[in-house]
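What follows is each chain in one-letter form.
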Amino acid sequence: MASVDECRTALRKLSEQFDEVDQESRARHVVERSISCHISDLGVTFHGRIHHGGLGPFGDLPPADGKPADVKLTIGSDDLVSLVNGELDMGRAVFGGRVKVDASFGDLLRLRKLL
């Protein structure tokens, strides 16, 4: 099991990887959304945003407005680290039940094109 700090590091790395997505793709597929990433085996949830400027930063506190996240991810700590390190394919992880994504159909289509 990865630690909370390892998960924070993985989410920072994911944000950096998202920065590598070209501007044209971001402009076409990104709609500003709040994101929560629940680490199921650690019982912690990180909160962040996806926007034209990037992804994150992820923090421990939910948004001040109290609204639930538009996109909710649930993943195990080891799977998060493996996913970010390129050792786990997102599509296979979702269809295999290792990652749960709770989002609108439109958001799922947009995210699929970015990941």
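Definitions and limits used
Residues numbered from 1 in each chain as written. Predicted model: local features only at pLDDT ≥ 70, side-chain atom pairs only at ≥ 80, totals over all residues. Heavy atoms only, no water. Helix = DSSP H or I, 4+ residues; strand = E, 2+ residues; numbered from the N terminus. Expected span 1.5 Å × (residues − 1). Buried < 20%, exposed > 50% of the residue type's maximum accessible area, 1.4 Å probe, protein only. Arc of directions from axis to C-beta. Contact = heavy atoms within 4.5 Å. Salt bridge = Lys/Arg side-chain N within 4 Å of Asp/Glu carboxyl O.

### Regarding helix α1 (residues 4–19)
Okay, step 1: Taking 1.5 Å per residue, 16 residues should reach 22 Å; α1 reaches 23 Å between its end C-alpha atoms and fits that length.
Okay, step 2: Looking only at α1, the buried set comprises C7, A10, L11, S15 and F18. Burial along α1 is one-sided: seen end-on, the buried residues are contained in an arc of 145°. Within α1, the exposed residues directed more than 90 degrees away from the buried face are D5 and E16.

### What to know about the environment of V94
Okay, step 1: Relative to the helices and strands, V94 is located in helix α4 (residues 90–95).
Okay, step 2: Considering only alpha carbons, one finds V94 and I75, 19 residues apart in sequence, at a separation of 9.5 Å.
Okay, step 3: Residues contacting V94, with those up to four places away along its chain left out, are V99 and V101.

### Concerning the pattern of salt bridges
A side chain of one charge can pair with a side chain of the opposite charge when the charged atoms of the two come close.
Okay, step 1: Following the criterion strictly, the structure yields 6 salt bridges and no others.
Okay, step 2: Between R8 and D5 there is a salt bridge whose closest N-O contact spans 2.8 Å. With a gap of 3 residues between them, R8 and D5 both fall in helix α1, about one helical turn apart.
Okay, step 3: Owing to a relative accessible area of 27%, R8 belongs among the partly exposed residues under this scheme.
Okay, step 4: With a relative accessible area of 52%, D5 lands in the exposed category.

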